[in-house]
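Residue strings, one per chain:
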Amino acid sequence: MSRTLQAPVTVSFDYTRSVGPVLGRFLTGLREGRLVAARTSDGRVVIPPPEFDPVTHLETDDFVEVSPTGVVTSWSWVPEPVAGQPFDRPFAFALVELDGATVPMLHALDVSSPDEVSTGMLVQVRWAEERSGLITDIACFEPVAGPDEVGDGVSGPGRARPELRDEAPTEQSRPGEATGEITTIITPVSLDYLYAASPEESAFYRGLLEGRILGQRCPTCHKVYVPPRSACPVDGVATTDEVELSDKGTVTTFCIVNVPFLGQKITPPYVSAYVLLDGADIAFLHLILDVPAEEVRMGMRVEAVWKPRDEWGTTIENISHFRPTGEPDADYDTYKQHL
Ligand SMILES: [Zn+2]
């Protein structure tokens, strides 16, 4: 038996979220180069500020500004950074208790080896060159140079805590600088993973490489599944009986896509439809093209349009799309069990 197939898959989208008044205040502060924390009812000073008090559950309303300098309370070395992390070279993640805060915050620490990190070391914020109201406005923490170069009152662990300042007013913007409270942020979300096809799916994908669509039949209920499922979802028995299916079928349900979205390959409007291949008991999703979107309907007979053979791989994309065959529509009774 040949080996199963696998393929890398990336799922990504830009997540737009509203941040609310408390995080908005924190992010607006970052854009202005200020670190806004909140004082909670039990006397702690927390950054980023929590939206609600952890003890009273009331809305947070006591804001203070803390210092960009602080002490590492804990850290973890990242020898092999992955995509999306703050650095593409080894670095540390550190919990840093900023002067004025009583709870440490997490961020990257830019040092070149774990030998350069220790609990209790003095670090400071390195601001990003351009700030827009995101946590990445803090590029990272960096070690504070020797004591001679450090400002007053900073003498390492155990030093005196500075007085807390009330949060400064925000009208300090320079000409051309973005102003106004940060109310929404866009967070790109991306997941990379390796998809491992089952032996039955691998046979399906290898069939596509030869221009064949292979399903499997349940020995108990005789339903034909494409792509094959390994086991019948109704009876739970293994499906071993291979069936080659027609590349013609019937549109069962469909939607007209009118909205643009990230990664879209076709300009809207276009139709995404469930096509029940002749001989199959389960429909699969594909595109219906070569026909105006408003003419696509339930029961419409369609056929696969294959890409040129030299572009084929072990993928369903060997089928470019489906198009109408011109045959009379299928009778509703022939597909009503498959909606
Ligand atoms: Zn079955």
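The preceding data block contains the structure.
Quantities reported herein were computed from a predicted structural model and do not represent experimental measurements.

Draft legend 1. Quick peek at the overall build of the chain. On a plain count of helices and strands, the chain comes out with two helices and 19 strands. Relative to its length of 339 residues, the chain is extended, with a C-alpha radius of gyration of 30 Å against a globular reference of 20 Å. Counting only C-alpha atoms and orienting by the principal axes, one finds that the chain spans roughly 85 × 45 × 45 Å. Per-residue burial for the chain yields a buried fraction of 38% across its 339 residues. Within the chain, residue pairs in contact and separated by at least 24 positions form 60% of the contacts whose partners lie at least 6 positions apart. Element-wise, carbon and sulfur atoms account for 52% of the exposed surface of the chain, whose accessible area totals about 19100 Å². Charged side chains of the chain number 27 positive and 51 negative; the gap between the two group centres comes to 4 Å.

Draft legend 2. Main features of the sheet that holds strand 14 (residues 241–245). Ordered in space as 13-12-14, the three strands form an open sheet in which the pairing is antiparallel. The open sheet terminates on both sides in strands that have one partner only, identified here as strand 13 (224–225) and strand 14. Note: strand 12 (residues 213–217) against strand 14, five bridges, orientation antiparallel. What sits directly across from Q216, in strand 14, is E242.

Draft legend 3. Region of the structure containing the coordination of the zinc ion. Those protein atoms acting as donors to the zinc ion are C218 (SG), C221 (SG), C232 (SG) and D235 (OD), and they sit at 1.9 to 2.3 Å. All donors to the zinc ion come from one chain, and their sequence spacing reads C-x2-C-x10-C-x2-D. With C218 in the loop between strand 12 and strand 13 and D235 in the loop between strand 13 and strand 14, the pair connects residues that are 17 residues apart, well separated along the chain. Residue classification places C218 among the buried residues on the basis of a relative accessible area of 0%.

Draft legend 4. Looking closely at the pairing of strand 17 (residues 284–288). Along strand 17, four of the five residues are buried, which leaves the element largely enclosed by surrounding structure. Pairing of strand 16 (residues 270–277) with strand 17 involves five bridges; the strand directions are antiparallel. Along strand 17, the bridge assignment pairs V271 with I288. With antiparallel pairing between neighbouring strands as the criterion, strand 16 and strand 17 make up a hairpin whose turn holds six residues, including G279 at a positive phi of roughly 95°.

Draft legend 5. Representation of the pattern of salt bridges. Tallied over the entire structure, the rule returns 17 salt bridges. Put simply, E303 and R323 hold a salt bridge, and the shortest N to O gap is 3.1 Å. With a gap of 20 residues between them, E303 in strand 18 (residues 301–306) and R323 in strand 19 (residues 319–324) connect regions that are remote in the sequence. Classification of R323 as partly exposed rests on a relative accessible area of 34%.

Draft legend 6. Up close: the nonpolar core. With 27 residues, the main nonpolar core has L35, I47, V66, L98, L109 and F141 as its most contacted residues. Where this core is concerned, the elements lending two or more residues are helix 1 (20–31), strand 2 (35–39), strand 4 (63–66), strand 6 (91–98), strand 7 (105–109), strand 8 (122–127) and strand 9 (138–143). Tallying contributions element by element places strand 6 first for this core, with four residues. When near neighbours in sequence (up to four residues on either side) are disregarded, L109 contacts V72, F91, A92, A94, V117, M121, V123, F141, E142 and P143.

Reading the values: rules and limits
Residues numbered from 1 in each chain as written. Predicted model: local features only at pLDDT ≥ 70, side-chain atom pairs only at ≥ 80, totals over all residues. Heavy atoms only, no water. Helix = DSSP H or I, 4+ residues; strand = E, 2+ residues; numbered from the N terminus. Rg over C-alpha atoms; globule rule 2.2 N^0.38 Å. Buried < 20%, exposed > 50% of the residue type's maximum accessible area, 1.4 Å probe, protein only. Contact = heavy atoms within 4.5 Å. Areas by Shrake-Rupley, 256 points an atom, 1.4 Å probe, with all protein chains shown as cover. Lys, Arg positive; Asp, Glu negative; His and termini not counted. Charge placed at Lys NZ, Arg CZ, Asp CG, Glu CD. Pairing = 2+ DSSP bridges. Donors = N, O, S within 2.8 Å, 3.2 Å for Na, K, Ca; no water. Salt bridge = Lys/Arg side-chain N within 4 Å of Asp/Glu carboxyl O. Core = buried A, V, L, I, M, F, W, Y, C linked by side-chain atoms within 4.5 Å.

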